[in-house]
Amino acid sequence: MERPEVVLENSDGVYDFYREHRQNRLQAWGAYAVLARRYRPRIGYAAGAREALRRLISDRRPLLIVINHLSQQDPYTVAAAAWRSGLRPVIGRTRVLAKDELFVEDDLRRRIDMMGGIPVFRGKDHGLRAVNAAGQLMIDICAERMARGDGIAIFPEGTCNEVDPTQVQAVGSGVGHIAFRAAKLGARPALVSLGLSYGPRADPTVEPTKQEAISASFHFGVPVPELPARPAEVARLVRTELQQALDGAVAAY
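Residues numbered from 1 in each chain as written. Predicted model: local features only at pLDDT ≥ 70, side-chain atom pairs only at ≥ 80, totals over all residues. Heavy atoms only, no water.

## Let's talk about the overall build of the chain
And then number 1: For the chain, the count of helices and strands is ten helices and seven strands.
And then number 2: For 253 residues, the compact-globule formula gives about 18 Å, and the C-alpha radius of gyration of the chain, at 17 Å, lands near that figure.
And then number 3: Principal-axis analysis of the C-alpha atoms gives the chain an extent of 45 × 35 × 35 Å.
And then number 4: Looking at the chain as a whole, 55% of its 253 residues qualify as buried.
And then number 5: Considering only contacts in the chain between residues 6 or more positions apart, those separated by 24 or more positions represent 79%. (Helix = DSSP H or I, 4+ residues; strand = E, 2+ residues; numbered from the N terminus. Rg over C-alpha atoms; globule rule 2.2 N^0.38 Å. Buried < 20%, exposed > 50% of the residue type's maximum accessible area, 1.4 Å probe, protein only. Contact = heavy atoms within 4.5 Å.)

## Some thoughts on the pattern of salt bridges
Should the charged atoms of two oppositely charged side chains come close, the side chains can pair.
And then number 1: According to the stated counting rule, one finds twelve salt bridges in the structure shown.
And then number 2: Put simply, D16 and R19 hold a salt bridge, and the shortest N to O gap is 2.9 Å. Placement of both D16 and R19 in helix α1 (residues 11–20) is noted, with a separation of three residues, approximately one turn of the helix.
And then number 3: Using a relative accessible area of 21% as the deciding quantity, one classes R19 as partly exposed.
And then number 4: The salt bridge partner of E20 is R148, with a shortest N-O separation of 3.3 Å. (Salt bridge = Lys/Arg side-chain N within 4 Å of Asp/Glu carboxyl O.)

## With respect to the pairing of strand β2 (residues 63–67)
And then number 1: Of all five residues in β2, five are buried, a share of seventy percent or more.
And then number 2: Residues L63, I65 and I67 point to one face of β2 and L64 and V66 to the other, with burial holding for every one of them.
And then number 3: Where β2 lies against strand β6 (residues 190–197), five bridges are found, and the strand directions are parallel. Looking at the pairing, L63 lines up with A190 of β6.
And then number 4: Two strands pair when backbone bridges link them, and β2 and strand β5 (residues 151–154) are joined in this way by three bridges, in the parallel orientation. In the strand pairing of β5, I65 is matched with A153. (Pairing = 2+ DSSP bridges.)

## Some thoughts on the UniProt feature "domain: Phospholipid/glycerol acyltransferase" (unreviewed entry) in the chain
And then number 1: The positions that UniProt labels "domain: Phospholipid/glycerol acyltransferase" (unreviewed entry) are, in the present scheme, residues 63–199.
And then number 2: Within the segment residues 63–199, helix and strand shares are 39% and 20% respectively, and the terminal C-alpha atoms sit 27 Å apart. (UniProt positions renumbered as here; feature names shortened; annotations may be inferred.)

## Some words on the side chain of R95
And then number 1: Tracing the backbone shows R95 in strand β3 (residues 94–99).
And then number 2: An unpaired buried charge is present at R95: no salt bridge exists, and D150, the closest side chain of opposite charge, is 5.2 Å distant.
And then number 3: Within polar-contact distance, the side chain of R95 engages the backbone oxygen of G116 at 3.3 Å. (Lys, Arg positive; Asp, Glu negative; His and termini not counted. Polar contact = N/O pair within 3.5 Å; in protein donor to acceptor, adjacent residues only side chain to side chain.)

## Regarding the packing of aromatic side chains
And then number 1: For the structure on display, the rule yields five aromatic pairs.
And then number 2: Each ring, one from F17 and one from Y18, has its centre 4.9 Å from the other, and the planes form 85 degrees; the classification is edge-to-face. The same class applies to F17 as to Y18, namely buried.
And then number 3: Geometrically, the ring pair formed by W29 and W83 is edge-to-face, given 5.3 Å between the ring centres and 90 degrees between the ring planes. In this pair, W29 sits in helix α2 (residues 25–38) while W83 sits in helix α4 (residues 74–83), placing the two residues 54 residues apart along the sequence.
And then number 4: Take W29: its relative accessible area is 28%, and that puts it in the partly exposed class.
And then number 5: Take W83: its relative accessible area is 16%, and that puts it in the buried class.
And then number 6: Aromatic rings pair up to connect F17, Y18 and F103 into one cluster.
And then number 7: The ring of Y253 has R42 sitting right over it, with the charged end atom 4.5 Å from the ring centre.
And then number 8: Above the ring of W83, the side-chain terminus of R88 is found at 3.9 Å from the ring centroid. (Phe/Tyr/Trp six-rings, centres within 6.5 Å; stacked < 30°, edge-to-face > 60°. Lys NZ or Arg CZ within 6 Å of the ring centre and 35° of its normal.)

## Quick look at the side chain of H21
And then number 1: Relative to the assigned elements, H21 resides in the loop between α1 and α2.
And then number 2: A residue is classified by how much of its surface remains accessible, and H21, at 15% relative accessible area, is buried.
And then number 3: At 3.0 Å, the side chain of H21 and the side chain of R95 are in polar contact.
And then number 4: Beyond its immediate sequence surroundings of up to four residues, H21 is in contact with R95, D113 and R145.

## Observations regarding the sheet that holds strand β4 (residues 117–120)
And then number 1: If you trace the seven strands from one edge of the open sheet to the other, you get β1-β7-β6-β2-β5-β3-β4, paired in mixed fashion. Strand pairing shows two members of the sheet lacking a second neighbour, β1 (42–45) and β4, which therefore form its edges. Pairwise comparison of adjacent strand axes, ignoring direction, gives a mean angle of 25 degrees for this sheet.
And then number 2: Against the sheet, α1 engages β3 and β4, with an angle of about 160 degrees to β4. (Axes fitted to C-alpha atoms, helices over the stretch in contact; angles between N-to-C directions.)

In structure tokens form, the structure reads like this:
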């Protein structure tokens, strides 16, 4: 199937494509490995988190991976952390939600597609009313992918935190609806929270330095294997669990 242009006006065609799109898993592993050599994040785990994550992956449970969002460099440091952590086995089987502007330039889009990207048309960029139908399609596609065994990785705050990098900002309802609809399709998504810190920063609106990005601190919370039934309850749980993971990442920096 030919790759469609990623524009809001063509959202039906965009999500038809990403409903079936498959990464080349060997290429994905290679790309994540390269980033893990370039960035050397420190990885920590809450007590029992590593073992619980290993069990979920062994049981082929679809993972809903949530990460706090601090900078434009996050996708690269997160990819490095995935390679260096217990998430390595699910590389190539995890879809990553990414803002639609990353899919405009051809070379960048090929890299994003290879890394497992699914475009998101954000209300802050296009207007909430304009993106409503596309957002519903995106949620449906994510739920379908989870029902087929794929994981979903998401920055649930929806945008970079330019307020306080030690505090998780408001979590949108989309993450809850993805889990809810996946469950309706027979999936049993498990929540994996991954806290990220680039260390103390006087101005959170300034991108981390190269050294800060290279030495990012990540911390896994204990996975939650059973999620609430209501989307709003899932969103509240995500914020709570992610804050605990972020606290661990900040403390370890």
